[in-house]
Amino acid sequence: MSQTGIDTPNGAEGESRLEAIVRGEQVQTEVHEAIRHEQIILDVKDFNLWYGDKQALFDNNLRVSRGKVTALIGPSGCGKSTLLRSVNRINDLIDNVRITGDMILSGQTIYDPSVDVIELRKRMGMVFQKPNPFPMSIYENVVYALRIDGERNRALLDETCERALRGAALWDEVKDRLHDSALGMSGGQQQRLCIARAIAAEPDVLLMDEPCSALDPIATGKIEDLIAELRGEYTILIVTHNMQQASRSSDYTVFMYLGRLVEYGPTSDLFERPHLRDTEDYITGRFG
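Rules of the game
Residues numbered from 1 in each chain as written. Predicted model: local features only at pLDDT ≥ 70, side-chain atom pairs only at ≥ 80, totals over all residues. Heavy atoms only, no water. Pairing = 2+ DSSP bridges. Helix = DSSP H or I, 4+ residues; strand = E, 2+ residues; numbered from the N terminus. Contact = heavy atoms within 4.5 Å. Axes fitted to C-alpha atoms, helices over the stretch in contact; angles between N-to-C directions. Salt bridge = Lys/Arg side-chain N within 4 Å of Asp/Glu carboxyl O. Buried < 20%, exposed > 50% of the residue type's maximum accessible area, 1.4 Å probe, protein only.

Asker: Explain the sheet that holds strand 11 (residues 260–266) to me, please; I cannot follow it from the model alone.
Answerer: Backbone-to-backbone hydrogen bonds pair the strands of a sheet. The strands run either parallel or antiparallel. One open sheet holds the seven strands; their spatial order is 1-11-10-4-9-8-7, and the pairing between them is mixed. Each edge of the open sheet is held by one strand with a lone partner, namely strand 1 (30–31) and strand 7 (124–127). Relative to strand 11, strand 10 (residues 252–257) is paired through six bridges, and the arrangement is antiparallel. Each bridged residue has a counterpart across the sheet, and for V254 the counterpart in strand 11 is Y264. On top of the sheet, helix 2 (residues 80–87) reaches strand 4 (69–73), strand 7, strand 8 (205–209), strand 9 (235–239), strand 10 and strand 11; it is set at about 150° to strand 8, its chief contact. Helix 8 (residues 187–200) contacts strand 7 and strand 8 of the sheet and is inclined by roughly 170° relative to strand 7.

Structural data, given as structure tokens:
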């Protein structure tokens, strides 16, 4: 694979891959060498997804590094959230969804018919665009996953609650009002509570779908600080429209366009030394 040029199906050096994608042609993802040396926790293999007759994802192949933050970037409607939500099979809840290919999590298939989807989702933490605390106390929000698994050991629940809230940088702010309604928290606090709820179950992967899009700059900064603190302990896959956020918060970045993965590599390389002109044009705002 060319390190600087653009290899297209017909071998035309310098031709825009995005133009080829618009024409419906298959293009090969530009994968940087660094990813090949990482320990992989999630392996997406030849993954395609349709909503009815409309195909949303095309031949996605992606190897996600364990303990790292990987950002999905690209224009609105390019398939970022669809790919993210395929990891915990939330898209199964939508009528007429059909997939081919597979995803392998820690060596185990996600899409085999024998997979218990409920158990699979317990291995994932999911944080949505808007905070969605449950209408219950702060404490019960955090320990919810343990409750539904039948855990009744109060000491264990207390320990988990404190650990998760500390992990979400929220403990000092709420430790004296754990039994107050979570709905009384600020938007930024609610989002960090949702992260605490997600990590309380010690997930294999933490999925974040534009977690800061509904927050003000101060709350956004706290979430980004939190992502930095969670790096290494958790594998995080995050969708963001914010280029600065991707550059600050992630170790690896994937550029997507119209359901295809265009370029994938270390964030510093994609933002400073992208292999493809298409990627540079998107990141610098000349396109999209």
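What follows continues from the structure just given.
Asker: Before we go on, may I ask you to explain the pattern of salt bridges in this structure?
Answerer: Two side chains bearing opposite charge may form a pair once their charged atoms approach each other closely. On inspection of all chains with the given rule, the structure shows 25 salt bridges. Across the pair K175 and D172 runs a salt bridge whose closest N-O atoms are separated by 4.0 Å. On the basis of relative accessibility, which here comes to 39%, the residue K175 falls in the partly exposed class. Judged by its relative accessible area of 59%, D172 is exposed. Between R286 and D281 there is a salt bridge whose closest N-O contact spans 3.0 Å. Assessed through its relative accessible area of 54%, R286 is described here as exposed. Ionic contacts of the salt-bridge type, sharing partners, join the residues R277, E280, D281 and R286 into one network.

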